[in-house]
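One-letter residues, chain by chain:
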Amino acid sequence: MKEKGKILLIGAEDEENLAIRYLGAELKNKEYSVKIAPCSNYNQFLEVLNEVKSFDPDIVAVSMAFQSLATMFLELIQKIKNIKKDVHITVGGHFPTFEYEKLLEYESVNSVIRFEGETPISKLVDAVCTHKRLSNIPNLIYKSEEGRIVENYSITEFMDLNQLAFPLRDEKAHTRLGETFATLVTSRGCFHSRCIYCCIGAFHHTKTGLPYALRAPGNVAMEMAELYKQKNVRLFQFHDDNFLLPSKEDSYNRLKSLKKYLIEEGVELEDIALLIKTRPDGIDEEILLILEELGTVGVFLGVENASNTGLKLLARATSIDEINNSLKLLENFNMGVTFNLLMFHPRATLEEINENIYFMNRNINLAFDFGRAEIVAGSPLERLVKRDGLLRGQWPQWDYRIKDDAVEKMFRVNVHTFYRENSHYPELSHRMIALSYRSGLIQRFYPGKKAQKLKNQTIDLIRKCNRFTLDCLLNIYSMLPETEIEENISSLAQEMDAFYGNHTKRVDELTEKMWRFQMVGKKFQDRGVDDYFQNSEILGKIFRI
């Protein structure tokens, strides 16, 4: 039987990329031949190009969700065209949805799929393989034979997410934090949809009705059960912007239903763990109790800024009191809590910077990251910096100037210290977040004295790194009145290199210790003698735990 058509899906994949894997599932259901070629960096070009040669696809679809990777993907697309001149190359994701005009200026890009892609991609493959016209494909923008850009109609409703096939998965489950792992989404869109640095609201602006859609709890439980039973997945990370809902009552009822369906599907709740993201105003004690029952070990709390003026300017619609209350509530639960601070933004003030540094100090035991609200195509922030004349740099790597000169100066010093090329800090901050989650995960799966000891060591390491980070920020703050600071910056950068380099090694050592603990802990647990393992000093010395 002749194949209907062959499609190569390309996207960044540090973990399974659900955007392209949902498309792959849709195409598989339509009996097309599908392959996925991961590409997160230039080192993977050769593998992708070899896949193009061997698979010989009719269509190459490139997910360009990350604006920072746009230039890399455009170079890859040109190399694919050099190999297979007539292949139809389409691009999709948040970035192409808003920057389609510039992308279609590239001769190598044939079309852009805007917004959600499941319906357009299958229609596009059918049209290309059967030489039909492209004019009836929704969400598609393409170049006509005359070189004119043609914009088709857009879909104005969310799909029924319960009707989507579960995303294509690798044959073997990935491993993260020492356990079998999978990512999921239970919704699309965002009920808030107003944060100035985010493009999600704009991405779904063509939709009528609510700005988000939900999968039914039973449908989510079915996917989790399939992963749990068929691939032995124990750790589930949810990438939802709406894992919790606007109404706490609705959130509680949804979580209660998810728990009920998981039990009915035969998932042992004590044998799974969850990582979630939530807004600070989304939780209360009842919600945290049921999240705990579901196995939540990690919460990324959407703090974003630790001053009320900063929260207002970022359009977060939350308050410092709500943030502090949520952190107070979370202290009573065995969950790794982490957060990010966008303390630099176009209208940031030194008073706001002070409040953010004070907040970091108050929460010195929690792993966090900090930086600037960056421009994302389609976001209100992009419009703001253009309107205020702050935009700098070149497409697609936009930069901007902060209005307050002192804050702008502090940000640029941060760029040359914390975030300069080859700095250990960015990677170390992310790895401390992972350590925080992992210590919670270990306490859930392997509770006992040694698990508590590992958690204490994690908190101690996080606290030491945070204290040094705060000292560096205060050092930078003290430089602001000075004019000749190049020597001070160089000296601070060297000090940071030494400290963060040394503590990266300590993170490696603790991560290795956790991995060893999990491997040994599983074996003793399987034999029903995990208490002996947790309490034995001799075994602790043997396995260096």
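Everything quoted here is computed from the prediction, not taken from an experiment. All residue numbers refer to positions counted from 1 along the written sequence of the respective chain. Restriction of local features to residues with pLDDT of at least 70 applies here, the model being predicted, together with a cutoff of 80 or more for giving and counting side-chain atom pairs; totals for whole chains, interfaces and linings are based on all residues. Only heavy atoms go into the side-chain values, all of them from the structure, while hydrogens and water stay out.

Asks: Teacher, can you tell me more about the sheet that holds strand 12 (residues 235–238) here?
Replies: Paired through backbone hydrogen bonds, the strands of a sheet run either parallel or antiparallel to each other. Strands qualify as paired when DSSP identifies two bridges or more between them. Secondary structure follows DSSP: runs of H or I at least 4 residues long count as helices, runs of E at least 2 residues long count as strands, and numbering of each begins at the N terminus. Read from one edge to the other, the open sheet built from seven strands follows the order 8-9-12-13-14-15-16, with strand pairing classed as mixed. In the strand order of this sheet, the two ends are held by strand 8 (174–176) and strand 16 (367–372), each with one partner. Across the sheet, the axes of successive neighbouring strands diverge by a mean angle of 25 degrees, strand direction being ignored. Residue contacts are counted whenever heavy atoms from the two residues lie within 4.5 Å of one another. Geometry is summarised by axes, namely lines fitted to C-alpha atoms with helices restricted to the contacting stretch, and by angles between N-to-C directions that run from 0 to 180 degrees. Against the sheet, helix 15 (residues 425–445) contacts strand 9 (179–184), strand 12, strand 13 (273–278), strand 14 (296–304), strand 15 (336–344) and strand 16, and its axis sits at roughly 150 degrees relative to strand 16.

Asks: So what exactly am I meant to see when it comes to the sheet that holds strand 3 (residues 59–63) here?
Replies: Pairing within the open sheet is mixed, and its seven strands lie in the order 2-1-3-4-5-6-7. The open sheet is flanked by strand 2 (33–38) and strand 7 (149–151), the only strands paired with a single partner. Taken pair by pair, the neighbouring strands of this sheet meet at an average axis angle of 20 degrees, ignoring direction. The sheet contact formed by strand 1 (residues 6–11) and strand 3 spans four bridges and is parallel. Opposite Ile10, over in strand 3, you have Val62 as the bridge partner.

Asks: Sorry, what's going on with the packing of aromatic side chains here?
Replies: One pair of aromatic rings is described through two measures. These are the centre distance and the angle between the planes. Two aromatic rings, drawn from Phe, Tyr or Trp (for Trp, its six-membered ring), form a pair once their centres lie within 6.5 Å of each other, and the interplanar angle then sorts them: stacked below 30 degrees, edge-to-face above 60, tilted otherwise. Per the stated rule, a full pass over the model turns up 20 aromatic pairs. A centroid spacing of 6.0 Å and a plane angle of 75 degrees characterise the contact between Phe370 and Tyr419, whose relative ring orientation is edge-to-face. One end of the pair, Phe370, is in strand 16; the other, Tyr419, is in the loop between helix 14 (405–415) and helix 15, with 49 residues separating them in the sequence. Only protein chains enter the accessibility calculation, which uses a 1.4 Å probe. A residue is then buried if its area is under 20% of the maximum for its type, exposed if over 50%, and partly exposed in between. We classify Tyr419 as partly exposed; its relative accessible area is 31%. With a centroid separation of 5.7 Å and an interplanar angle of 50 degrees, the aromatic rings of Phe370 and Tyr425 are classed as tilted. A residue pair is termed long-range when its members are at least 10 positions apart, and Phe370 in strand 16 and Tyr425 in helix 15 qualify at 55 residues. Judged by relative accessible area, which is 2%, Phe370 ranks as buried.

Asks: Is there a simple way to explain the environment of Arg392 in this structure?
Replies: Summarising the element assignment, Arg392 is placed in strand 17 (residues 391–394). Residue classification places Arg392 among the partly exposed residues on the basis of a relative accessible area of 36%. The sequence separation of Arg392 and Leu184 amounts to 208 residues, and the corresponding C-alpha distance is 36 Å. In terms of polar contacts, Arg392 uses its side chain to reach the backbone carbonyl oxygen of Gly389, at 3.4 Å. Here a polar contact is recorded for every N or O atom pair within 3.5 Å, except that within protein the pair must consist of a potential hydrogen donor and a potential acceptor, and residues adjacent in sequence are included only if both atoms are side-chain atoms.

Asks: How do you make sense of the packing of helix 12 (residues 350–362) against helix 16 (residues 449–479) when you look at a structure like this?
Replies: Relative placement of two packed helices is described by the angle separating their axes and the distance separating the axes. Where helix 12 meets helix 16, the axes come as close as 11 Å, and the angle between the chain directions of the two elements is 160 degrees. Taken together, the axes of helix 12 and helix 16 lie roughly antiparallel to each other. For the element pair helix 12 and helix 16, the recorded crossing hand is left-handed. For the pair helix 12 and helix 16, contact is made by Leu350, Ile353, Asn354, Ile357, Met360 and Asn361 and by Leu470, Leu473, Leu474 and Tyr477, respectively. All residues other than Ala, Val, Leu, Ile, Met, Phe, Trp, Tyr, Cys, Pro, Asp, Glu, Lys and Arg, Gly among them, are scored as polar; the first ten of these are nonpolar and the last four charged. Among the residues forming the contact of helix 12 with helix 16, the class breakdown is eight nonpolar, two polar and no charged. By definition in this entry, angles of less than 35 degrees are roughly parallel, angles greater than 145 are roughly antiparallel, angles of 65 to 115 are roughly perpendicular, and the rest are oblique. A crossing counts as left-handed when the near helix is turned anticlockwise from the far one by less than a right angle, and as right-handed when that turn is clockwise.

Asks: In this structure, what is going on with helix 3 (residues 70–83)? I would like to understand it.
Replies: Within an α-helix, residues lying three or four positions from one another point in the same direction, as the helix has 3.6 residues per turn. Its 14 residues give helix 3 an end-to-end C-alpha distance of 20 Å, which sits within 8% of 20 Å, the value for a rise of 1.5 Å per residue. Residues of helix 3 that are buried include every one of Ala70, Met72, Phe73, Leu74, Leu76, Ile77, Ile80 and Lys81, and no others. Looking at the buried residues of helix 3, the elements they touch are strand 1, helix 2 (45–55), strand 3, strand 4 (88–92) and helix 4 (94–103). By this rule, a helix spans an expected 1.5 Å times one less than how many residues it contains.

Asks: Would you take a moment to explain the nonpolar core for this structure?
Replies: Note that soluble globular proteins tend to have their nonpolar side chains buried in a common cluster. Only buried residues count toward a nonpolar core, which is a set of Ala, Val, Leu, Ile, Met, Phe, Trp, Tyr and Cys residues joined through side-chain atoms within 4.5 Å. Met224 and Phe236 are the most contacted members of the largest nonpolar core, which has 113 residues in total. Other than its neighbours up to four places away in sequence, Phe236 contacts Ala182, Leu184, Met224, Leu227, Tyr228, Ile272, Ala273, Leu274 and Leu275. Membership of the second largest hydrophobic core comes to 33 residues, among which are Cys39, Met64, Leu76 and Trp395.

Asks: Got a minute to help me understand helix 8 (residues 248–264) in this structure?
Replies: With 17 residues, helix 8 should reach 24 Å at 1.5 Å per residue; the first-to-last C-alpha distance of 24 Å fits that figure. Within helix 8, burial applies to Ser251, Arg254, Leu255, Leu258 and Leu262. What you see down the axis of helix 8 is that its buried residues fit within an arc of 95 degrees, all on one side. With respect to the buried face of helix 8, the exposed residues turned more than 90 degrees away are Glu249 and Glu264. Contacts from the buried residues of helix 8 go to strand 11 (212–214), helix 7 (217–231) and helix 9 (285–293). Taking the backbone nitrogen of Glu249 as reference, a side-chain oxygen 3.3 Å away marks Ser247 as the first, capping residue of helix 8. Just beyond helix 8, the residue with positive phi is Gly266, at close to 85 degrees. Taking the helix axis as origin, the arc is that swept by the directions to the C-beta atoms.

Asks: I would appreciate a short explanation of the side chain of Ser144 in the present structure.
Replies: Mapped onto the elements, Ser144 comes out in the loop between strand 6 (140–143) and strand 7. On the basis of relative accessibility, which here comes to 15%, the residue Ser144 falls in the buried class.

Asks: I would appreciate a short explanation of the packing of helix 8 against helix 9 in the present structure.
Replies: Running from N to C, helix 8 and helix 9 cross one another at 20 degrees; their axes reach a closest spacing of 10 Å. On the basis of their axis angle, the class for helix 8 and helix 9 is roughly parallel. Two packed elements cross with a definite hand, and for helix 8 against helix 9 that hand is left-handed. Taking contact as the criterion, the partners of Lys248, Ser251, Tyr252, Leu255, Lys256 and Lys259 in helix 8 are, on helix 9, Glu286, Ile287, Ile290, Leu291 and Glu293.

Asks: Would you take a moment to explain the environment of Lys132 for this structure?
Replies: For Lys132, the position within the fold is in the loop between helix 5 (118–130) and strand 6. Sequence-distant contacts of Lys132, defined by excluding residues within four places in its chain, comprise Asp126 and Ala127. Within the structure, Lys132 has its side chain in polar contact with the side chain of Asp126 (distance 2.9 Å).

Honestly, it's all geometry; don't read function into it.
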